[in-house]
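So you can see what is in the structure, the chains are spelled out below.
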Amino acid sequence: MLDVEDLSLITPDRKVIIDRVNLHLEEGQIAVITGKSGAGKSLLLKSIAGKSYLPSGLKISGKIKKNSFCGILFQNPDNQILGLNLADELSVFMSRERADYYANLFFSHLDTDIQTFRLSGGEKQALVLLTLLESHNKILLLDEPLSQLDTRSRSFFSDIIDKIRKECVIIWVEHRPWLIDGNPVAYELDKGLKRIELS
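Notes on the structure in this doc start here. Since the structure is predicted, the reported quantities are computational estimates derived from the model, not experimental observations. (Residues numbered from 1 in each chain as written. Predicted model: local features only at pLDDT ≥ 70, side-chain atom pairs only at ≥ 80, totals over all residues. Heavy atoms only, no water.)

Some details on unusual backbone geometry
Here aspartate 6, not a glycine, exhibits a phi torsion of approximately 50 degrees, which is positive. Along the chain, the position of aspartate 6 falls in strand β1 (residues 2-10). A relative accessible area of 41% means that aspartate 6 is categorised as partly exposed. Positive phi is not limited to glycine here, since histidine 136 has a value of about 70 degrees. Within the fold, histidine 136 resides in the loop between α4 (121-134) and β6 (137-143). Judged by relative accessible area, which is 59%, histidine 136 ranks as exposed. (Helix = DSSP H or I, 4+ residues; strand = E, 2+ residues; numbered from the N terminus. Buried < 20%, exposed > 50% of the residue type's maximum accessible area, 1.4 Å probe, protein only.)

With respect to the pairing of strand β8 (residues 185-190)
Alignment of strand β3 (residues 30-34) against β8, held across four bridges, turns out to be parallel. What sits directly across from alanine 31, in β8, is valine 185. Taking the residues that link successive antiparallel strands as the turn, the β8-strand β9 (residues 192-196) hairpin has one residue, and the phi of lysine 191 there is positive, at about 70 degrees. (Pairing = 2+ DSSP bridges.)

Details of helix α5 (residues 151-164)
The terminal C-alpha atoms of α5 lie 20 Å apart, and with 14 residues this matches the ideal 20 Å at 1.5 Å per residue to within 8%. Those residues of α5 not exposed but buried are Ser153, Arg154, Phe156, Phe157, Ser158, Ile160, Ile161 and Ile164. Contacts from the buried residues of α5 go to β3, β5 (69-73), α3 (96-106), α4, β6 and β7 (169-173). (Expected span 1.5 Å × (residues − 1). Contact = heavy atoms within 4.5 Å.)

Quick word on the side chain of serine 8
Relative to the helices and strands, serine 8 is located in strand β1. Owing to a relative accessible area of 8%, serine 8 belongs among the buried residues under this scheme. Among the polar contacts listed, one links the side chain of serine 8 to the backbone nitrogen of arginine 20, at a separation of 2.9 Å. Dropping the residues within four chain positions of it, serine 8 is found in contact with Ile18, Asp19, Arg20, Lys59, Ile60 and Ser61. (Polar contact = N/O pair within 3.5 Å; in protein donor to acceptor, adjacent residues only side chain to side chain.)

Here's the deal with the side chain of glutamine 80
The residue glutamine 80 is located in the loop between β5 and α2 (86-93) in this model. Other than its neighbours up to four places away in sequence, glutamine 80 contacts Ile72, Leu73, Phe74, Glu89 and Val128.

What to know about the layout of surface pockets
Leftover empty space is mapped by rolling, across the atoms, a probe with the size of a water molecule. For the largest pocket, the calculated volume is near 220 Å³. Taken together, Thr11, Lys15, Val16, Ile17, Gly35, Lys36, Gly38, Ala39, Glu188, Leu189, Asp190 and Lys191 form the lining of the largest pocket. Elements that contribute at least two residues to the lining of the largest pocket include exactly β2 (16-25) and β8. The biggest single contributor to the lining of the largest pocket is β8, with three residues. (1 Å grid on protein atoms, 1.4 Å probe; cavity = no way out; pocket = protein on both sides within 12 Å on 5 of 7 lines; lining within 4 Å. Points joined across faces, edges and corners; volume = space filled by probe spheres on them.)

See the structure below:
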């Protein structure tokens, strides 16, 4: 569960980036947030994740209630992968039993000894997503994860989301929200959040 109440973010020179944002999500829900470049979408995710993610000097106000840790999936997954190969990366964050389970469920088309730099964009994003989930993060914050993916990789990543969504809350920043399956609740960020319909 995630409750965001009157969340505001202001720069040191008093420029309002985010103004009284309210959002309530339950387990199994996906909220997609779109908006113009520079609207503060990534900063919104970082605000929800915690003050330590925000650049210094920004003033945050409002209340954020969450029943779980938050995990952020950034646009470039290479910066979040620690292991040299697929098996190593999975085993860093979970038991061998769980690592084998995920390897068979999602990566059965790959040799687990494959070096992580050889994975496709979608496979890397999925790998980071699973390690976040296994690190007890039940609130997943996705910062334009499809931006560098081709059609095949987008499909692979979307399949992963479909399989795990029931056990977590997902906030997904995306400038092409029509690419997201699963009937998400959609919002546009322009200082505040406005509910929109996806065509």
